[in-house]
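Residues per chain are reported as follows:
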Amino acid sequence: MPSVALKLTQEQAQAQKPVLRVEDLHTYFEVRRMGFFKVGDVRALDGVSFELYPGETISIVGESGCGKSTLAKTILGIHQPTKGKIYFEDQDLSALNKEGWKQYRSNIGYIMQDPYGALPPFMSVKQILEEPMKINGIKDKKEHARRIRQVLEEVKLAPIEDFLPKFPHMLSGGQQQRLVIARAMILEPKMLIADEPVSMLDASVRIEILQLLQGLQRRHNLAIIYITHDLSTVRYFSERIFTMYGAKIIEKSSTKALLKEPLHPYTKALFEATSDPDAENLKTFKDVPVGEPPSLMNPPAGCRFHPRCKYMIKGLCDKEIPPEFQVYEDHSTACWLYKDKERA
Ligand code: SF4
């Protein structure tokens, strides 16, 4: 078993080389009429850039359809980027051959929202954990046994011998998600992408799963991308929080700075809408936006949030796309309100 390590501070994490670098990433999906005539593109991801460091968690928040899962799937290679670059430990993914992709994928664990749907129903726990090792050419049976024991201990599926012959339907929802995490860890990855990992679980199990992920991160110095619309968990789980809206990242901040003062009107609205579950207090919310998220086939000109924004500056917000303004050292936003507040 690896020794238990303390979690790195944000400064310590960022003093290392990034494990992942995403530069101006675009993912468009063609829309065709009758299967032939191209009528446009759905711009599911539209110019996203960031770096992720070993040992840190970035939470990506935003409403459904904002591009969070497309970002995850593009990083995983499930979707082809239309434009832009992804670097994993300085390696340009677009230059990888088949073997390089296999190697890259073995370094990323993926945890999906629906644990039952993610597990093959006719395979036992042992077979589910052995399969990624077989695919990646790990043939040594002793090594299989060592890794299986280690991951099952780490995700607390014990006694191990009781779980090995079980099938997914014989496990509870929480145990299924522990198994999904064990499978994500079996190849000893450097990075995890957790896409709404607790949203289908009972409230009582959610915190256990998040604590489990935190423990794994400390022990293995894992970098984690945590995708969620559940803002109640991000403050406990991440060093940085990014807000996505209309297929773009519109705010990037340390968790501390964002909780103190969200800058972008949309992030303010998101946090205000979830800060108090008391229905009475909903009446006092001032900034909850009206209207629908933008069409990603015909997005509005300028700032994509402008049709819903009560601070919209006519002639600017509805015409020019706001760039990223670095307002504080650890906090930037793409909003014209901060044009004159950028750090020197
Ligand atoms: Fe509102 Fe303009 Fe800022 Fe967009 S850029 S969020 S429309 S103030």
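Some remarks on the overall build of the protein chain
Phase 1 of the analysis: Secondary structure summary: the protein chain contains twelve helices and twelve strands in total.
Phase 2 of the analysis: For 344 residues, the compact-globule estimate of 2.2 N^0.38 gives 20 Å, and the C-alpha radius of gyration of the protein chain, at 21 Å, lies within 12% of that figure.
Phase 3 of the analysis: With the principal axes as the frame, the protein chain shows a C-alpha extent of 65 × 50 × 45 Å.
Phase 4 of the analysis: Expressed as a percentage of the 344 residues in the protein chain, the buried residues total 51%.

Considerations on helix α8 (residues 173-185)
Given 3.6 residues per helical turn, the α-helix brings residues three or four places apart onto the same face.
Phase 1 of the analysis: With 13 residues, α8 extends 19 Å from end C-alpha to end C-alpha; this agrees with the ideal 18 Å at 1.5 Å per step.
Phase 2 of the analysis: The buried count for α8 comes to ten of 13 residues, which makes it a mostly enclosed element.
Phase 3 of the analysis: By the burial criterion, the buried members of α8 are G174, Q176, Q177, R178, L179, V180, I181, A182, A184 and M185.

Concerning unusual backbone geometry
Trans is the common state for peptide bonds, and a negative phi is the common state for residues other than glycine.
Phase 1 of the analysis: Looking along the chain, the bond that leaves A158 and enters P159 is cis, with omega of 0 degrees.
Phase 2 of the analysis: Turning to its location among the elements, P159 is positioned in the loop between α6 (141-154) and α7 (160-163).
Phase 3 of the analysis: With a phi angle near 50 degrees, D24 is a residue other than glycine that sits in the positive phi range.
Phase 4 of the analysis: Along the chain, D24 turns up in strand β1 (residues 20-33).
Phase 5 of the analysis: Look at D24 and you get partly exposed, because its relative accessible area is 35%.
Phase 6 of the analysis: Although it is not a glycine, E196 adopts a positive phi angle of roughly 50 degrees.
Phase 7 of the analysis: Mapped onto the elements, E196 comes out in the loop between β7 (191-195) and α9 (203-220).

Some remarks on the packing of aromatic side chains
Phase 1 of the analysis: Summed over the entire model, instances satisfying the criterion amount to eight aromatic pairs.
Phase 2 of the analysis: With centroids separated by 5.4 Å and ring planes inclined at 80 degrees, the aromatic side chains of W101 and Y104 adopt a geometry described as edge-to-face. In this pair, W101 and Y104 both sit in helix α3 (residues 98-106), three residues apart, roughly one turn of the helix.
Phase 3 of the analysis: Of the residues examined, Y104 reaches a relative accessible area of 3% and is grouped as buried.
Phase 4 of the analysis: Cluster of aromatic residues (ring-pair linked, three or more members): F88, W101 and Y104.

Regarding the sheet that holds strand β6 (residues 108-111)
Phase 1 of the analysis: Read across the open sheet, the eight strands follow the order β6-β7-β8-β3-β9-β10-β12-β11; overall the sheet is mixed. Since the sheet does not close on itself, it has two edges, and those belong to β6 and β11 (325-328), each with one partner. Averaged over all pairs of adjacent strands, the angle between their axes in this sheet comes to 20 degrees, without regard to strand direction.
Phase 2 of the analysis: Across three bridges, the pairing between β11 and strand β12 (residues 331-333) is antiparallel. Paired with Q326 across the strands is S332, a residue of β12.
Phase 3 of the analysis: The strands touched by α8 are β6 and β7; relative to β6, the strand with the most contacts, the crossing angle is about 165 degrees.

A look at the environment of T74
Phase 1 of the analysis: One can find T74 in helix α2 (residues 68-75).
Phase 2 of the analysis: Under the relative-accessibility criterion, T74 is labelled buried at 1%.
Phase 3 of the analysis: Here T74 is in contact with L25, T27, L45, H79, P81 and I86, once residues within four sequence places are set aside.

A short note on the layout of surface pockets
Phase 1 of the analysis: Taken as a whole, the largest pocket encloses approximately 560 Å³ of empty space.
Phase 2 of the analysis: If you trace the largest pocket, you find 20 residues lining it, with R105, I108, Y110, P132 and L187 closest to the centre.
Phase 3 of the analysis: Residues of the lining of the largest pocket, tallied by class, amount to twelve nonpolar, three polar and five charged.
Phase 4 of the analysis: Domain assignment of the residues forming the lining of the largest pocket places at least three in each of domain 1 (10-107 + 189-338) and domain 2 (121-180).

Remarks on the sheet that holds strand β5 (residues 91-92)
Phase 1 of the analysis: Taken together, the four strands give an open sheet; going across it, the order is β2-β1-β4-β5, and neighbouring strands pair in antiparallel fashion. Of all the strands in the sheet, the pair left with one neighbour each is β2 (37-52) and β5.
Phase 2 of the analysis: Pairing analysis gives five bridges linking β1 to strand β4 (residues 83-88), with the strands arranged antiparallel. Following the sheet pairing, V22 is matched in β4 by I86.

Considerations on the site of the ligand
Phase 1 of the analysis: Close contacts around the ligand come from H264, P265, C303, F305, H306, C309, Y311, M312, C317, C335, W336 and L337, and that covers them all.
Phase 2 of the analysis: Of all the cavities here, the one that holds the ligand is the largest cavity.
Phase 3 of the analysis: Partitioned by chemical class, the residues of the shell around the ligand number ten nonpolar, two polar and no charged.

Concerning the pattern of salt bridges
Phase 1 of the analysis: This model, assessed by the stated rule, comprises 21 salt bridges.
Phase 2 of the analysis: When the shortest N-O distance is used, the salt bridge between D46 and R304 registers 2.5 Å. Of this pair, D46 sits in strand β2 while R304 sits in the loop between α12 (265-274) and β11, and the two are 258 residues apart along the sequence.
Phase 3 of the analysis: By relative accessible area, which is 5% here, D46 ends up buried.
Phase 4 of the analysis: A salt bridge links K190 to E89; the shortest N-O distance between them is 3.2 Å.

How each quantity is defined
Residues numbered from 1 in each chain as written. Predicted model: local features only at pLDDT ≥ 70, side-chain atom pairs only at ≥ 80, totals over all residues. Heavy atoms only, no water. Helix = DSSP H or I, 4+ residues; strand = E, 2+ residues; numbered from the N terminus. Rg over C-alpha atoms; globule rule 2.2 N^0.38 Å. Buried < 20%, exposed > 50% of the residue type's maximum accessible area, 1.4 Å probe, protein only. Expected span 1.5 Å × (residues − 1). Phe/Tyr/Trp six-rings, centres within 6.5 Å; stacked < 30°, edge-to-face > 60°. Pairing = 2+ DSSP bridges. Axes fitted to C-alpha atoms, helices over the stretch in contact; angles between N-to-C directions. Contact = heavy atoms within 4.5 Å. 1 Å grid on protein atoms, 1.4 Å probe; cavity = no way out; pocket = protein on both sides within 12 Å on 5 of 7 lines; lining within 4 Å. Points joined across faces, edges and corners; volume = space filled by probe spheres on them. Nonpolar A, V, L, I, M, F, W, Y, C, P; charged D, E, K, R; others polar. Domains from an automatic or database assignment. Near = heavy atom within 4 Å. Sits in = over half its atoms within 2 Å of the grid points. Salt bridge = Lys/Arg side-chain N within 4 Å of Asp/Glu carboxyl O.

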